[in-house]
Amino acid sequence: YILRYGGLLEESARECETALSLDPKNPRFRSCGVTNALLGNYARARTFLNLDAGSEFSGRQLTWILVREGKLEEAARIRAPELGGSDTYNRWLSACLARRPPSAGGSLPVEVREHFATGRDSEPRFNVASRVAFCGDRESALHLLRKAAEGNYCGYPAMDRDPLFDPIRKTPEFAEIRRAAMACHQRFLTHRAAAGGGPEPKK
């Protein structure tokens, strides 16, 4: 978790592999599916999600892996509710996946956006930003992505890799948030190095 939040996806994935080798049936390792999905390693992500097959968490992550793979009809069929999401949000996402193109989904309700923007955990802000970007609400996606970086979920380089952000990737606002996410990533590396936990970050 810590490595993923700091933007060290490859290191996070290696720790996941070590954990799995030591305890190969532990369903708590399912969140390593998130790390691997952000890396684009969808087959490996499924391996970790299958540790907790049938749960809402694993179904939700599988839905968005299928979206990234372009399998929208299959994603719409298995659509799992979002953790912490209201019924309004889940209906909005379901409608998005059912539409062709998905960008016809309209704007996310403001109260739903602010629910995620003000939550304690910043990773859901990043995740919701990616879904909302895919569904065509540029304003809400950028707002939540910015809030994720401000809340110390670095999001870099994940935001460069995740195809769900393609609809907003070329906007000046995305570039600005990307710089903030890179600074967050550098602060993480600097702090870890100062604590003796890793090499000095590159300048």
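Being a predicted model, the structure only gives us computed values, none of them experimental. (Residues numbered from 1 in each chain as written. Predicted model: local features only at pLDDT ≥ 70, side-chain atom pairs only at ≥ 80, totals over all residues. Heavy atoms only, no water.)

A. Looking closely at the overall build of the chain. For the chain, the count of helices and strands is 12 helices and 0 strands. Helices (α) and strands (β) of the chain occur, in sequence order from the N terminus, as α-α-α-α-α-α-α-α-α-α-α-α. For the chain, the C-alpha radius of gyration of 17 Å lies close to 17 Å, the compact-globule estimate for 203 residues. Principal axes of the C-alpha set define a box for the chain whose edges measure 50 × 40 × 25 Å. (Helix = DSSP H or I, 4+ residues; strand = E, 2+ residues; numbered from the N terminus. Rg over C-alpha atoms; globule rule 2.2 N^0.38 Å.)

B. Local environment of the packing of helix α7 (residues 87-98) against helix α9 (residues 123-134). It is the contact of α7 with α9, at a shortest axis distance of 10 Å, that shows an interaxial angle of 40°. By the criterion of interaxial angle, the relationship of α7 to α9 is oblique. Crossing angle aside, the handedness with which α7 passes α9 is left-handed. Contacts between α7 and α9 involve Y89, W92, L93, C96 and L97 from the former and V128, R131, V132 and F134 from the latter. Considering only residue class, the contact of α7 with α9 consists of 8 nonpolar, no polar and 1 charged. (Axes fitted to C-alpha atoms, helices over the stretch in contact; angles between N-to-C directions. Parallel < 35°, antiparallel > 145°, perpendicular 65-115°, else oblique. Left-handed = near helix turned anticlockwise from the far one by under 90°. Contact = heavy atoms within 4.5 Å. Nonpolar A, V, L, I, M, F, W, Y, C, P; charged D, E, K, R; others polar.)

C. Region of interest: the side chain of R68. Within the secondary structure, R68 sits in helix α5 (residues 56-68). Take R68: its relative accessible area is 15%, and that puts it in the buried class. In terms of polar contacts, R68 uses its side chain to reach the side chain of D162, at 3.0 Å. What R68 contacts, discounting residues up to four positions off in sequence, is A37, L38, Y42, D162, P163 and L164. (Buried < 20%, exposed > 50% of the residue type's maximum accessible area, 1.4 Å probe, protein only. Polar contact = N/O pair within 3.5 Å; in protein donor to acceptor, adjacent residues only side chain to side chain.)

D. Expanded view of the environment of I2. Relative to the elements of secondary structure, I2 occurs in helix α1 (residues 2-5). Residues I2 and S12, spaced 10 residues apart in sequence, show a C-alpha to C-alpha distance of 8.0 Å.

E. Representation of the packing of aromatic side chains within the structure. Using the criterion set out here, one finds 7 aromatic pairs in the structure. Centre to centre, the rings of Y1 and Y5 are 6.5 Å apart; their planes meet at 65°, and the pair counts as edge-to-face. Ring plane angle 65° and centroid distance 5.3 Å describe the contact between F126 and F165, whose orientation is recorded as edge-to-face. Of the two residues, F126 is situated in helix α9 and F165 in the loop between α11 (158-161) and α12 (172-194); the sequence distance between them amounts to 39 residues. F126 gets classed as buried once you look at its relative accessible area, which sits at 1%. Taken together, the ring pairs connect Y1, Y5, F126, Y153, F165 and F174 into an aromatic cluster. (Phe/Tyr/Trp six-rings, centres within 6.5 Å; stacked < 30°, edge-to-face > 60°.)

F. Unusual backbone geometry, seen in detail. Cis geometry marks the peptide bond from Y156 to P157; its omega dihedral reads 10°. Its location among the elements puts P157 in the loop between α10 (138-150) and α11. At N152, a residue that is not glycine, the phi angle is positive and equals roughly 70°. You can call N152 partly exposed: its relative accessible area is 48%.

G. Molecular detail of α5. Here α5 contains 13 residues, and its C-alpha end-to-end distance of 19 Å stays within 8% of the 18 Å for a straight helix at 1.5 Å per residue. The element α5 is extensively covered by neighbouring structure, given that 11 of its 13 residues are classed as buried. When α5 is considered as a whole, its buried residues turn out to be F57, S58, G59, R60, Q61, T63, W64, I65, L66, V67 and R68. Where the residues of α5 are buried, they touch α3 (32-39), α4 (42-49), α6 (72-78), α7 and α9. Directly after α5, the chain includes G70, whose backbone phi takes a positive value near 80°. (Expected span 1.5 Å × (residues − 1).)

H. Summary view of the pattern of salt bridges. Applying the stated criterion across every chain yields a total of 13 salt bridges. The salt bridge partner of E11 is R192, with a shortest N-O separation of 3.0 Å. Of this pair, E11 sits in helix α2 (residues 9-22) while R192 sits in helix α12, and the two are 181 residues apart along the sequence. The buried category is assigned to R192, whose relative accessible area is 17%. A salt bridge links R113 to E139; the nearest nitrogen and oxygen atoms lie 3.7 Å apart. You can see R113 sitting in helix α8 (residues 110-117) and its partner E139 sitting in helix α10, a full 26 residues away along the chain. Residue class for R113 comes out buried when judged on its relative accessible area of 13%. (Salt bridge = Lys/Arg side-chain N within 4 Å of Asp/Glu carboxyl O.)

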